[in-house]
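# Structural overview
Now for the letters of each chain:
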Amino acid sequence: MVQCRSRAITRSVSDNQRAFFRIDVVVPAVVRRLDAGGEAWDEFGGETIDLSAGGVLLAGSEPTPEEHLVEVVLRSGEPPLDVTAHGRVVRSDRAPDGAWLSAIRFERLPSTTERELVRFCFQKEAETAKRVSHVRISIAIPVVVECPTGQLHPASTINLCADGAKVAAPCPVTEGEHVTVRFDERWFGRDLMLPARAGPVDKRGADLVFDEMSRADRAAINRLVIAEERKQRRICA
């Protein structure tokens, strides 16, 4: 759902806005609906799903009609962020959990606000990547494990992080063996093939430690971890 909505807002913005670095991040937000004169007539709370200096995808308690003008207040303590930005709603839809998802394109941002958003996004991405790289989430993703002999073995993950995964038994690998893990493209929107080394193997399955991977591959896994963390937090709430 998040990835789908993110693509929707990206298609709706200008070429310059597409160049802005976008991250998946949760920041408390206040949304004020504006009248034709730019005056606020009500407000409601929410939180960001993703953010850039060009726009934001919000989960809120109220709907905002497409093309409606709004004022968005974003505040975060670490790294610090305190901005108020005007924008136009380019999409509003209901999520399965009942929240309203609003894709908002920022308009006429002061250069200082734009720079603060860019700085925040880069700092938050670095902070989040460091945090979630070692956080394993329990998730079952179809994979194919390719052994050194070229044999392919369908399997499923038990848990996953950017450093490795546990693959459910039966998984015909031995400790220290080098394999390639192929992830189902439906989870990442593209083929993801990661070289890995088998760690301890027990009756539940095999621990696999990923080799050095590209920043794009690591970011793809981190985004999934963040999305699953958000989903579990909402379920617990």
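Values in this document were obtained by computation on a predicted structure and should not be read as measured data. The residue numbering used here restarts from 1 in each chain and proceeds along that chain's sequence as written. Local features in this predicted model are restricted to residues whose pLDDT is 70 or higher, and side-chain atom pairs enter the listing and the counts only when it is 80 or higher, whereas totals over whole chains, interfaces and linings include all residues. Heavy atoms from the whole structure form the basis of all side-chain values; hydrogens and water molecules are not counted.

### Looking at the pattern of salt bridges
Opposite charge on two side chains allows them to pair when their charged atoms are near. Worth spelling out the cut-off: Salt bridges are defined by distance alone: a side-chain nitrogen of Lys or Arg within 4 Å of a carboxyl oxygen of Asp or Glu. Strands here are runs of E lasting at least two residues and helices are runs of H or I lasting at least four, both read from the DSSP assignment and numbered beginning at the N terminus. Exposure is judged per residue with a 1.4 Å probe applied to protein chains only, and the accessible area is read against the type maximum: over 50% gives exposed, under 20% gives buried, and values in between give partly exposed.
Taken as a whole and assessed by the stated rule, the structure comprises 18 salt bridges. Ionic pairing is found between Arg-108 and Glu-107, a salt bridge with its closest N-O pair at 3.8 Å. A salt bridge links Asp-217 to Arg-190; the shortest N-O distance between them is 2.8 Å. A residue pair is termed long-range when its members are at least 10 positions apart, and Asp-217 in helix H5 (residues 215–236) and Arg-190 in the loop between helix H4 (185–188) and strand S13 (192–202) qualify at 27 residues. Its relative accessible area of 32% is what places Arg-190 among the partly exposed residues. When salt bridges that share partners are traced, they join Arg-88, Arg-105, Glu-107 and Arg-108 into one network.

### Some points on the nonpolar core
Put simply, the rule is: Buried Ala, Val, Leu, Ile, Met, Phe, Trp, Tyr and Cys residues that are joined via side-chain atoms within 4.5 Å together make up what is termed a nonpolar core. Contacts are assigned to residue pairs that have any heavy atoms within 4.5 Å of one another.
Leu-160, Phe-183, Phe-210 and Ile-221 are the most contacted members of the largest nonpolar core, which totals 31 residues. Secondary structure elements with two or more residues in this core: strand S9 (142–146), strand S10 (152–161), strand S11 (164–168), strand S12 (178–183), S13, strand S14 (205–210) and H5. At five residues, the largest contribution of residues to this core is made by H5. Setting aside its immediate chain neighbours within four residues, Ile-221 contacts Leu-160, Cys-161, Ala-162, Phe-188, Leu-192, Leu-194, Phe-210 and Met-213.

### Description of the environment of Leu-192
Within the secondary structure, Leu-192 is located in strand S13. Between the C-alpha atom of Leu-192 and that of Arg-182, which follows or precedes it by 10 residues, the distance is 5.8 Å. The residues touching Leu-192, leaving out its near neighbours within four places in the chain, are Val-181, Arg-182, Phe-183, Asp-217 and Ile-221.

### Considering helix H3 (residues 111–132)
Short version of the rule: Take the residue count of a helix, subtract one, and multiply by 1.5 Å to get its expected span. Taken from the helix axis, the directions to the C-beta atoms give the arc we talk about.
Its 22 residues give H3 an end-to-end C-alpha distance of 31 Å, which sits within 8% of 32 Å, the value for a rise of 1.5 Å per residue. Listing the buried residues of H3 in full gives Thr-113, Leu-117, Phe-120, Cys-121, Lys-124, Thr-128, Ala-129 and Val-132. Down the axis of H3, the buried set is contained in an arc of 150°. They therefore lie on one face. Of the residues in H3, the exposed ones pointing more than 90 degrees away from the buried face are Arg-115 and Lys-130.

### Focus on unusual backbone geometry
Between Glu-78 and Pro-79 the backbone carries a cis peptide bond, its omega angle lying at -5°. Within the element layout of this structure, Pro-79 appears in the loop between strand S5 (69–76) and strand S6 (81–94). The peptide bond linking Ala-169 to Pro-170 adopts the cis configuration, its omega dihedral lying at 0°. Inspection of the secondary structure assignment puts Pro-170 in the loop between S11 and S12. Positive phi, normally seen in glycine, also occurs at Glu-67, with a value near 75°. Within the element layout of this structure, Glu-67 appears in the loop between strand S4 (55–60) and S5.

### Observations concerning the packing of aromatic side chains
Given two aromatic rings, their pairing is described by the distance between the two centres and the angle made by the two planes. What counts is decided by this rule: Stacked, edge-to-face and tilted labels apply to pairs of Phe, Tyr and Trp rings (six-membered ring for Trp) whose centres lie within 6.5 Å, assigned for plane angles under 30 degrees, over 60, and everything in between, in that order.
One pass over the full model with this rule turns up two aromatic pairs. Ring centres of Phe-183 and Phe-188 lie 5.7 Å apart, and the angle between their planes is 85°; on these two criteria the pair is classed as edge-to-face. On the accessibility criterion, Phe-183 (4% relative accessible area) is buried. Ring centres of Phe-183 and Phe-210 lie 6.3 Å apart, and the angle between their planes is 70°; this geometry places the pair in the edge-to-face category. With Phe-183 in strand S12 and Phe-210 in strand S14, the pair connects residues that are 27 residues apart, well separated along the chain. Note on Phe-210: relative accessible area 8%, which makes it buried. Pairwise contacts between aromatic rings join Phe-183, Phe-188 and Phe-210 into one cluster.

### Some points on the confidence of the model for the chain
The predicted structure's coordinates, where accompanied by low pLDDT, should not be read in detail. We count it as follows: On a range of 0 to 100, pLDDT expresses the predictor's confidence in each residue.
On average, the chain scores 85 in pLDDT, and the residues at 70 or more come to 89%. Across residues 1–18 the pLDDT falls below 50, and counting only partners more than four positions away or on other chains, this stretch makes 30 contacts in the model.

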